[in-house]
Each structure stands twice: as C-alpha cells, then as structure tokens.
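Chain residues, written in single-letter form:
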Amino acid sequence: MTKTSRQWQEEAKAEWDRYADIWDSWTPEDNRDDAEEAADFLADLAKGGSALELGVGTGRVALPLAERGVRVSGIDASPKMLSRLKEKPGGDRVQVFEGNFADVDVEEEYDVVFIALATLFVLPDQGEQARCLANSAKRLKPGGRLVVQNIVPDLTNYQRGRHNDYGMTEPFRLSGRLAGHPRLAWFEMNHVDPTTQLIKRTDVILSEKGNRVIAATMRFIWPSEQDLMARLGGLELEDRWGGWRKEPFHYDSRDAVSVYRRA
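Here we summarise the structure given alongside this text. One numbering rule holds for all chains: residues counted from 1, following each sequence as written. With pLDDT at 70 or above as the cut-off, local features in this predicted model cover only qualifying residues; side-chain atom pairs require 80 or more to be listed or tallied, and sums for whole chains, interfaces and linings still use all residues. Heavy atoms throughout the structure, all of them, feed into the side-chain values; hydrogens and water do not.

### A word on the overall build of the chain
Turning to step 1, where the next piece is worked out: In this description a helix means any DSSP run of H or I spanning at least four residues, a strand means any run of E spanning at least two, and both kinds are numbered starting from the N terminus. The number of helices and strands found in the chain is 6 helices and 10 strands.
Turning to step 2, where the next piece is worked out: Put simply, the chain has 263 residues, and 49% of those count as buried.
Turning to step 3, where the next piece is worked out: Taking as baseline every contact in the chain between residues at least 6 positions apart, the subset at least 24 positions apart corresponds to 62%.
Turning to step 4, where the next piece is worked out: The Shrake-Rupley method, run with a 1.4 Å probe sphere, supplies the accessible areas, and residue values consider only the shown protein chains as cover. Of the accessible surface of the chain, which amounts to about 13100 Å², a share of 50% is contributed by carbon and sulfur atoms. A 1.4 Å probe rolled over the protein chains alone gives each residue an accessible area, and that area as a share of the maximum for its type sets the label: buried under 20%, exposed over 50%, partly exposed in between. We call two residues in contact whenever any of their non-hydrogen atoms come within 4.5 Å of each other.

Structural data, given as structure tokens:
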C-alpha cells in the first residue's frame, strides 16, 4: 500500500530526529569543503536572489549560502534537525518550514530550488520523488533553476564481498574532533534490492555515551530516470556536472549535479 504524504512525514520525522544530535559529527572534512563549493555554485545561480533547500537538515549548505547574500529558506520533516540549524551562528537568517519536502508547501517562488547530498533518495518511492520534482517546478520564478545533487549508483559496492546482506565488515573509525559525541566506531550495514532500488540501511554506533542502532530506508535513482521524472514535471535538463566545481560528468563520475529549468 502506498504511503500518504502525511504518513511518510511522520515516519521521516521519527527517523531523522534520531540522527539530529550526531548529524553534524558525521560530516567528514571533504564534505565540509563540498558545502562551501555548493554554496558558491548556488549563489552564482541565485545572483543575490532567493533559494529554497528541500531537506535542509541542520543547514550544511543553507548556512554558507546565506553568508553569500542569498535569502535562504528550507523545508525538513525533522523538527530536531531544524532546531539544530536555528542554534547555529547565522541560523536566524534561514527561514524554515517543517513538513514533507516533496509537497514543497510554500507560497513564495524562488530563483533557485535545490536538493543536496542525495536527499532526493530519502523519499520512499518513485512516485514521491517524481512529485517532489514536479512541485519544485511550480515554485520557480521565471528563469529559475532546480538543482539536484545525487550520488551516481554503483551496485558493485554491494558485490564481490565488499558489501552483502550483512553490510560492511570494517568500521569507519572517526577522530576525536567529534566534540560532544565521543565515539569508538560506526558500522554502516546495507541491504540493497535492485528491483525496487531500495536500500535498507542500519547504522550501529558504538560510543562512550552508549550504543545505538538507527535504521533508514532510501531509494536510489539513476540519472536518466531522474531526467524522465523531471520532464514529466515540466522541467528539462540544462546542465549536468560531476561536482559542484563543474567537473565534467563522465560515465564513471561518482556525483551528478543536475540543473533543470522549466520547459
């Protein structure tokens, strides 16, 4: 049975609220640099205007974008994530809305609407993902752009012993810079169903403050599938890059930064 928007929002709220207090601790240094590059890219498109982030979380991209003179708003299902954003320096400059970001339930139109860090994968099925892109198109000003950053799926990561139904066998050991959240190890375990494109992910966090298990479900999207969803929603692909620095997009690119405009 297909979940309603409200059902998905309630599940997402509970799921991502559990990540809120440790979410920023998980951001490795290269992702921090990536956020600055994303802000530069988006600010150039917005040209001092307005931007709306779908799945804004704790403001990884929204805050540096606001520092560049763009008027930034964000939608997220997790009130705890939004609360963390507001607690940060500059958080008062970002207008936030709590809700299912697939609804894009705002009245304003924006110069840029963007979805970063493969957040589109968080939506539970193809229908919700396509609806999100169509609703985003309706919130663009004339000449506005929708920007989607996604990981290019690589199913070989889950084959030949690297991953399996039991996930990764080696933990990522994280440094002591995770102030306030001392942690010994983090195990990420994934089960992938290629027929539905669903990834059932379980994070096992072993820390001095205690251990926890957090489960999440995501649906990966191929670039060509995303383009079809966008066309059905009244958008057409304008550019695609292999990263925020406008690296060329190749068959072996790990990231895809796609820029769409209304058809």
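Once you've had a look at it, read on.
### A word on helix 4 (residues 79-87)
Residues spaced three or four apart along an α-helix face the same direction, because each turn holds 3.6 residues.
Turning to step 1, where the next piece is worked out: Taken residue by residue, helix 4 has Met81, Leu82 and Leu85 as its buried positions. Buried residues in helix 4, looked at end-on, bunch into an arc of 95°, giving them a common side. Throughout, the arc means that of the directions going from the helix axis to the C-beta atoms.

### Brief notes about helix 6 (residues 223-232)
Turning to step 1, where the next piece is worked out: Taken residue by residue, helix 6 has Pro223, Glu225, Gln226, Asp227, Met229 and Ala230 as its buried positions.
Turning to step 2, where the next piece is worked out: Where the residues of helix 6 are buried, they touch helix 5 (126-138), strand 5 (140-151), strand 8 (210-219), strand 9 (235-241) and strand 10 (255-262).
Turning to step 3, where the next piece is worked out: Count one or two residues on from helix 6 and you reach Gly234, which has phi positive near 90°.

### Re the nonpolar core
Side chains that are nonpolar tend, in soluble globular proteins, to be buried together.
Turning to step 1, where the next piece is worked out: Here, nonpolar core refers to any group of buried Ala, Val, Leu, Ile, Met, Phe, Trp, Tyr and Cys residues whose side-chain atoms link them within 4.5 Å. Leu52, Leu54, Leu120, Cys132, Leu133 and Leu146 are the most contacted members of the largest nonpolar core, which has 29 residues in total.
Turning to step 2, where the next piece is worked out: Elements supplying a minimum of two residues to this core: strand 1 (50-54), strand 4 (110-115), helix 5, strand 5 and helix 6.
Turning to step 3, where the next piece is worked out: In this structure Cys132 touches Leu54, Phe101, Ala102, Val104, Ile115, Leu120 and Leu123, once residues within four positions along its chain are discounted.
Turning to step 4, where the next piece is worked out: With 26 residues, the next largest nonpolar core counts Ala35, Phe41, Ala51 and Ala116 among its residues.

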